[in-house]
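# Fold and contact review
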Amino acid sequence: GAGVSQSPSNKVTEKGKDVELRCDPISGHTALYWYRQRLGQGLEFLIYFQGNSAPDKSGLPSDRFSAERTGESVSTLTIQRTQQEDSAVYLCASSLVPASTDTQYFGPGTRLTVL
Amino acid sequence: AQSVTQPDIHITVSEGASLELRCNYSYGATPYLFWYVQSPGQGLQLLLKYFSGDTLVQGIKGFEAEFKRSQSSFNLRKPSVHWSDAAEYFCAVGGRYSTLTFGKGTMLLVSP
């Protein structure tokens, strides 16, 4: 596709359930980022994939959060045993090369609501 | 640790008036600085970025930003605001191979 896509666009779940969020980056982009945006807050970095290297997981808030990426394609962010504080918009971005000098292209996000 | 401060949570500007959104950063080395815009229901879009060279950077949609090292600032400006500029604006800082740190954003409201 022309841009980064994310699915679902909205997800409502009950506390304690697991959720999976999907990101399709721009074709050919080697770097992929996940961010969390809580209401009234800036973007909070979660995890960063760079090609075939080990991902930078330094932003993951707890061991309930994990992410996978197959090669340079789709990524899935999984939140286990969701809590109400996990409610946020989860944004995915990709860039051609893994460096701050390269523009990150963002998807429209997945709005997660945990009841 | 790197950080970004956007002191204004909301700003209201009349259509046709000039705009300045403030951004202050903290970074231990040469910063790479960015402004992104997020329109309702849309993903973030890059407005402009600064890496080195001329401290006045031109971006899309008529925006510009000026890097002032002595003030650790990277303020965004536009000489004449249009109603379509109403959105949330995020400043971000990063290093050459580091991830970006974003500010909390400034919501721009444009009055007729």
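First, a word on scope: everything that follows refers to the structure included in this document. (Residues numbered from 1 in each chain as written. Chains lettered and ligands numbered in written order. Predicted model: local features only at pLDDT ≥ 70, side-chain atom pairs only at ≥ 80, totals over all residues. Heavy atoms only, no water.)

## Points about the overall build of chain A
Within chain A one finds 0 helices and 10 strands. Sequence-ordered secondary structure for chain A, helices as α and strands as β, is β-β-β-β-β-β-β-β-β-β. Its C-alpha atoms give chain A a radius of gyration of 13 Å, near enough to 13 Å, the size a compact globule of 115 residues would have. The dimensions of chain A, computed from C-alpha atoms along their principal axes, are 35 × 25 × 25 Å. Here chain A, with 115 residues, has 49% of them falling under the buried criterion. In chain A, once contacts between residues fewer than 6 apart in sequence are set aside, the share between residues at least 24 apart is 57%. (Helix = DSSP H or I, 4+ residues; strand = E, 2+ residues; numbered from the N terminus. Rg over C-alpha atoms; globule rule 2.2 N^0.38 Å. Buried < 20%, exposed > 50% of the residue type's maximum accessible area, 1.4 Å probe, protein only. Contact = heavy atoms within 4.5 Å.)

## Focus on the environment of B:K68
Residue and element names in this part refer to chain B. For K68, the location among the structural elements is in strand β8 (residues 64-68). A residue is classified by how much of its surface remains accessible, and K68, at 33% relative accessible area, is partly exposed. The spacing of K68 and T55 is 13 residues in sequence and 7.2 Å in space, taken between C-alpha atoms.

## Some remarks on the interface of chain A and chain B
Residue-level contacts link 20 residues of chain A with 20 residues of chain B. At the boundary of chain A with chain B, total buried surface from both sides reaches about 1600 Å², with 57% on carbon and sulfur atoms. Taken together, the connections running from chain A to chain B amount to 0 salt bridges. Counting across the interface, chain A meets chain B through 3 residue pairs in polar contact (both at pLDDT 80 or more). The element contributing the most residues to the side of chain A that touches chain B is strand β5 (residues 43-50) of chain A, with 3 residues. Classifying every residue of the side of chain A that touches chain B gives 9 nonpolar, 9 polar and 2 charged. (Buried area = accessible area lost by both parts, 1.4 Å probe. Salt bridge = Lys/Arg side-chain N within 4 Å of Asp/Glu carboxyl O. Polar contact = N/O pair within 3.5 Å; in protein donor to acceptor, adjacent residues only side chain to side chain. Nonpolar A, V, L, I, M, F, W, Y, C, P; charged D, E, K, R; others polar.)

## Describing the packing of aromatic side chains
Scanning the entire structure with this criterion turns up 15 aromatic pairs over all chains. For the pair A:Y35 and A:F45, a centre-to-centre distance of 6.3 Å together with 70° between the ring planes defines the contact as edge-to-face. Of the two residues, A:Y35 is situated in strand β4 (residues 31-37) and A:F45 in strand β5; the sequence distance between them amounts to 10 residues. Note on A:F45: relative accessible area 13%, which makes it buried. An aromatic cluster is built from A:Y33, A:Y35, A:F45, A:Y48, A:F106, B:Y32, B:F34, B:Y36, B:F51 and B:F102, whose rings are joined through pairwise contacts. (Phe/Tyr/Trp six-rings, centres within 6.5 Å; stacked < 30°, edge-to-face > 60°.)

## Some details on the pattern of salt bridges
Residue and element names in this part refer to chain B. Enumeration according to the criterion identifies 7 salt bridges over all chains in this entry. Here R77 and E66 are joined by a salt bridge, their closest N and O atoms 3.2 Å apart. With a gap of 11 residues between them, R77 in strand β9 (residues 73-78) and E66 in strand β8 connect regions that are remote in the sequence. With relative accessibility at 22%, the residue E66 sits in the partly exposed group.

## Here we look at the sheet that holds strand β3 (residues 19-24) of chain A
Residue and element names in this part refer to chain A. Read from one edge to the other, the open sheet built from 4 strands follows the order β1-β3-β7-β6, with strand pairing classed as antiparallel. Edge positions in the sheet fall to β1 (5-7) and β6 (65-69), since each of these pairs with one other strand and no more. Between one strand axis and the next, the sheet turns by 15° as a mean value, whatever way the strands run. Sheet analysis places β1 next to β3, joined by 3 bridges and oriented antiparallel. Bridged to Q6 within β3 is C23. (Pairing = 2+ DSSP bridges. Axes fitted to C-alpha atoms, helices over the stretch in contact; angles between N-to-C directions.)

## Examining the pairing of strand β5 (residues 32-38) of chain B
Looking down a regular strand, the side chains alternate between one sheet face and the other. All names here are of chain B. Among the 7 residues in β5, 7 count as buried, and that is most of the element. Residue alternation in β5 divides its side chains into two sets, Y32, F34, Y36 and Q38 and L33, W35 and V37, and both sets are buried. Pairing of β5 with strand β10 (residues 87-94) involves 7 bridges; the strand directions are antiparallel. Looking across to β10, one finds that Y32 is bridged to G94. Pairing between β5 and strand β6 (residues 44-50): 6 bridges, direction antiparallel.

Honestly, that's just the spatial picture; any functional story needs more than this.
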